[in-house]
Amino acid sequence: MDATTCSDKEPKGNILSQIVVPVMVRWTQKLKVLWGMVVTCFGPIRIVILAVFLAYIAIPIFLKTNPWILSKVVFSNIIRWPPFVNLSSPGDFGLNNTRNFYMDTEEDVRIGAWHKLPVSLSESKEVAWDKYEESLRSGKTIFLYLHGNSGTRGGYHRVQIYKFLSQLDAHVLTIDYRGFGDSTGTPSEEGVVHDAYFAYKWLKSKSNNAPIFIWGHSLGTGITTALSRRLCEEGDDPVGVILEAPFNNILEAAEHHPFSLPFRLLPWFKSIFIDSIKEHGIQFSSDENIMKVTPHILILHAEDDGIVPFHLGHKLYQKAKETRTPATGDVELVVFQGHHGYGHKHIFLAPELPDIIKKFMEKSYADAND
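Computed from a predicted model, the values in this text were never measured in an experiment.

(A) Fine view of the overall build of the protein chain. Looking only at helices and strands, the protein chain has 12 helices and 8 strands in total. Considering the protein chain as a whole, with its 370 residues, one finds that 48% of them fall into the buried category. Taking contacts inside the protein chain between residues at least 6 apart in sequence as the whole, the part at least 24 apart equals 75%. In the structure as shown, the protein chain presents an accessible area of about 19,300 Å², 58% of it carried by carbon and sulfur atoms.

So this is what it looks like as structure tokens:
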């Protein structure tokens, strides 16, 4: 019979496989879970830290060393919406009886322009291109429309204003300033005001003294007040001035723009973000220019404007009101309640707008002819 050896102890191999290894596996699994939790928790923290670094350290340093970028932000002319459009074809934007042409405002600066006819001159017939300039001598009212920053003369809300004014039986001339749309050149405050000045003088030369109004929107209100001041100082006043969603000056507008919100608490916010704009010759000081604008002024502003806060338009109104004299026209502020949702671009939807503009036009005509 074979001999056997008995013992009370388990073989060492069995202890490792049955006790030690399972414990190590369990702890390894726990460590993996714990590491996953750490990664999950600290991953977003790293993202937040990176975002804070970029927003409050990297971006301010970059802007401080490259302040010219802020001037690009003010005009935002590289933002062209809608994209991939043919601005030489106004019909693509739903504008019938509208002529596209170009003006050489300076050497090497050619700006794109649209001329939309009054409804009474175009509703029953097509007008030949060579008759458009001649039609400006019909004696009908003319509006020079000066749009805001970014985009082109083909922006949707801008097109709606052209249609609206045409339905009031007025000519509409609108331009893309240098660097905007299909216009050549690079925008600057002096440059875009000059482009508007050239367009106004072109209208005067073609219209046989027909009444001309200037309508500016947003940044275009800064251009409009600067242009109107220059014209008034020359004794060539427009009949009336309409400012839609205006600001008192570009520095306060930039300070209250929604894009500046994350940076306003920085101690160096003003020196980096605001003063740099001024240092590049961009001020659009409408609160100073409006004191020299002598014809009647109409200000339109929505309470829920999220781009140019209503209080900035109201400050401009107060400045204009306190500087009116018996020798100047009146200033009127029309406020559109926030619950309508017109915001920054959609005042044209207001059903009362035609009556508001008609009354302003009639008042301006009467005083201009006194």
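(B) Structural view of the layout of surface pockets. A volume near 240 Å³ is recorded for the second largest pocket. Lining the second largest pocket are 16 residues, and of these Pro238, Val239, Ser364, Asp367 and Ala368 sit closest to its centre. With 4 residues, helix H12 (residues 353-368) is the single largest residue contributor to the lining of the second largest pocket. Of the residues that constitute the lining of the second largest pocket, the class distribution is 8 nonpolar, 6 polar and 2 charged.

(C) Quick peek at the sheet that holds strand S6 (residues 240-244). Reading across the sheet, the 8 strands line up as S1-S2-S4-S3-S5-S6-S7-S8 and stay open at both edges, with mixed pairing between neighbours. Strand pairing shows two members of the sheet lacking a second neighbour, strand S1 (98-106) and strand S8 (331-336), which therefore form its edges. The average angle at which neighbouring strand axes cross in this sheet is 20 degrees, direction not considered. When S6 meets strand S7 (residues 296-302), the two strands line up parallel, connected through 5 bridges. By the bridge assignment for S7, Val241 is matched with Ile297. With respect to the sheet, helix H7 (residues 219-233) is in contact with strand S3 (142-146), strand S5 (212-217) and S6, its orientation differing from that of S5 by roughly 145 degrees.

(D) Looking closely at the packing of aromatic side chains. This structure, assessed with the given rule, holds 14 aromatic pairs. Consider the rings of Phe143 and Phe213, whose centres lie 5.2 Å apart with planes at 20 degrees: the pair is stacked. Taken together, the positions of Phe143 in strand S3 and Phe213 in strand S5 put the pair 70 residues apart, joining distant regions of the chain. An identical accessibility class is assigned to Phe143 and Phe213; each is buried. Ring-pair connections join several aromatic residues into one group, and the members of that group are Phe143, Phe164, Phe213, Trp215, Phe360 and Tyr365. A cation sits over an aromatic face here: Arg99 above Phe101, 4.4 Å from the ring centre. Note that Arg230 overlies the ring of Tyr197, its terminal NZ or CZ placed 3.5 Å from the centroid.

(E) Spotlight on unusual backbone geometry. Backbone geometry places Phe84, a non-glycine residue, at a positive phi of 55 degrees. By secondary structure assignment, the location of Phe84 is in the loop between helix H2 (68-75) and S1. The phi dihedral of Ala245 falls on the positive side, at around 55 degrees, and the residue is not glycine. Residue position: Ala245 is located in the loop between S6 and helix H8 (250-255).

(F) Expanded view of the environment of Ser188. Tracing the chain through its elements places Ser188 in the loop between strand S4 (171-175) and helix H6 (189-207). Its relative accessible area of 32% is what places Ser188 among the partly exposed residues. It is 9.2 Å that separates the C-alpha atoms of Ser188 and Lys72, two residues lying 116 residues apart in sequence. Here the side chain of Ser188 touches Gly191 through a polar contact of 3.0 Å, landing on its backbone nitrogen.

(G) View of the packing of H6 against H7. For the pair H6 and H7, the least separation of the axes is 9 Å and the interaxial angle reads 55 degrees. As judged from the angle between their axes, H6 and H7 are oblique. Both H6 and H7 take part in a crossing whose hand is right-handed. Counting all contacts with H6, which are made through Val192, Val193, His194, Ala196, Tyr197, Tyr200 and Lys201, the residues of H7 involved are Ile223, Ala226, Leu227, Arg230 and Leu231.

(H) Main features of the pairing of strand S2 (residues 109-116). Counting buried positions along S2 gives 7 out of 8 residues, so the element sits mostly inside the fold. Taken together, the 8 bridges between S1 and S2 define a ladder with antiparallel strand orientation. Residue pairing in the sheet places Tyr102 in a bridge with Gly112 of S2. Adjacent in sequence and paired antiparallel, S1 and S2 are bridged by 2 residues, among which Asp108 carries a positive phi angle near 70 degrees. Of the pairings in the sheet, the one linking S2 to S4 comprises 4 bridges and is antiparallel in character. Bridging from a neighbouring strand, Ala113 pairs with Ile175 of S4.

(I) Summary view of the nonpolar core. By size, the foremost hydrophobic cluster in this structure holds 42 residues, and its most contacted members are Leu146, Leu173, Ile250 and Phe284. In terms of residues, this core owes the most to one element, H6, which gives 8 residues. Residues contacting Phe284, with those up to four places away along its chain left out, are Phe75, Glu189, Val192, Val193, Leu219, Gly222, Ile223, Phe247, Asn248, Asn249 and Ile250. Core analysis: the next-biggest nonpolar cluster, separate from the first, contains 32 residues, Ile161, Phe164, Phe213 and Ile242 among them.

Conventions used here
- Residues numbered from 1 in each chain as written.
- Predicted model: local features only at pLDDT ≥ 70, side-chain atom pairs only at ≥ 80, totals over all residues.
- Heavy atoms only, no water.
- Helix = DSSP H or I, 4+ residues; strand = E, 2+ residues; numbered from the N terminus.
- Buried < 20%, exposed > 50% of the residue type's maximum accessible area, 1.4 Å probe, protein only.
- Contact = heavy atoms within 4.5 Å.
- Areas by Shrake-Rupley, 256 points an atom, 1.4 Å probe, with all protein chains shown as cover.
- 1 Å grid on protein atoms, 1.4 Å probe; cavity = no way out; pocket = protein on both sides within 12 Å on 5 of 7 lines; lining within 4 Å.
- Points joined across faces, edges and corners; volume = space filled by probe spheres on them.
- Nonpolar A, V, L, I, M, F, W, Y, C, P; charged D, E, K, R; others polar.
- Pairing = 2+ DSSP bridges.
- Axes fitted to C-alpha atoms, helices over the stretch in contact; angles between N-to-C directions.
- Phe/Tyr/Trp six-rings, centres within 6.5 Å; stacked < 30°, edge-to-face > 60°.
- Lys NZ or Arg CZ within 6 Å of the ring centre and 35° of its normal.
- Polar contact = N/O pair within 3.5 Å; in protein donor to acceptor, adjacent residues only side chain to side chain.
- Parallel < 35°, antiparallel > 145°, perpendicular 65-115°, else oblique.
- Left-handed = near helix turned anticlockwise from the far one by under 90°.
- Core = buried A, V, L, I, M, F, W, Y, C linked by side-chain atoms within 4.5 Å.

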